[in-house]
Amino acid sequence: TMLIVGNLVGGNNTYTKLFIQHIWIPFIKKNPAYNLCIISRTLPDFMDENLLARNNIKVENYVDNLPDYYSKSFVVISPVMKKCGMQNKVLEAMSMNKVVIGYKDSFSGISNSTNMKHYIGADDANDFSSLLQNIVDGKINLSKIEIDARNNIINNYDWESLINQQ
């Protein structure tokens, strides 16, 4: 299972919808054994049960134990397509020893992070699709990225100070 975590409103809803249309649906046609779980407090506007079921997508709008979902996921996907500050959900995934794949710009606010060392960053949708395929084909060392990303978070971030900034 691959995982997307975030409240699907505004841009997050748009980016996730674009990810599903342009990356996930073509990917799942070649790789039908994989599933996508989306966790969002708000149910997305693209909630077509047939579309979701046909493409191995499950949407949860409330979970009791988010760490359990992280532990059962293969990788975490960040579909955000803009240059932005720190994304807490990305930091959260990295802190839980999960590789995060997304667009390069969405990692720009994460201190001391390097593409293919702390995260897997794509230039565009075609690159994202290729990287996702390389992940499932075992061409990327996920274990090393998980360890390096977690160490980067532990060494450079203090959750208490992040909470106080909100």
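Not measured: the values here are computed from a predicted model.

So, the pairing of strand E5 (residues 100-103)
One ladder, built from three bridges, connects strand E4 (residues 75-78) with E5; its direction is parallel. Counted as the bridge partner of Ile-77 is Ile-101 from E5. Pairing analysis gives three bridges linking E5 to strand E6 (residues 120-122), with the strands arranged parallel. Across the sheet, the residue bridging to Ile-101 is Ile-120, located in E6.

Considerations on helix H6 (residues 142-156)
Here H6 is 15 residues long and its end C-alpha atoms lie 21 Å apart, about the 21 Å a rise of 1.5 Å per residue gives. Of the residues making up H6, those classed as buried are Leu-142, Ile-145, Glu-146, Asp-148, Ala-149, Asn-152 and Ile-153. Near the N-terminus of H6, the side chain that reaches the backbone nitrogen of Ser-143, with its oxygen 3.3 Å away, is that of Asn-141.

Digging into the pattern of salt bridges
Taken as a whole, this structure holds five salt bridges when the rule is applied. Lys-72 is paired through a salt bridge with Asp-68; the nearest N and O atoms lie 3.2 Å apart. You can see Lys-72 and its partner Asp-68 sitting in helix H3 (residues 66-72), four residues apart, about one turn around the helix. Between Glu-92 and Lys-89 there is a salt bridge whose closest N-O contact spans 3.4 Å. Separated by three residues within a single helix, Glu-92 and Lys-89 lie in helix H4 (residues 88-95), roughly one turn from each other. Given the relative accessible area of 19%, Glu-92 is considered buried.

Here is what the cut-offs are and how they apply
- Residues numbered from 1 in each chain as written.
- Predicted model: local features only at pLDDT ≥ 70, side-chain atom pairs only at ≥ 80, totals over all residues.
- Heavy atoms only, no water.
- Pairing = 2+ DSSP bridges.
- Helix = DSSP H or I, 4+ residues; strand = E, 2+ residues; numbered from the N terminus.
- Expected span 1.5 Å × (residues − 1).
- Buried < 20%, exposed > 50% of the residue type's maximum accessible area, 1.4 Å probe, protein only.
- Polar contact = N/O pair within 3.5 Å; in protein donor to acceptor, adjacent residues only side chain to side chain.
- Salt bridge = Lys/Arg side-chain N within 4 Å of Asp/Glu carboxyl O.

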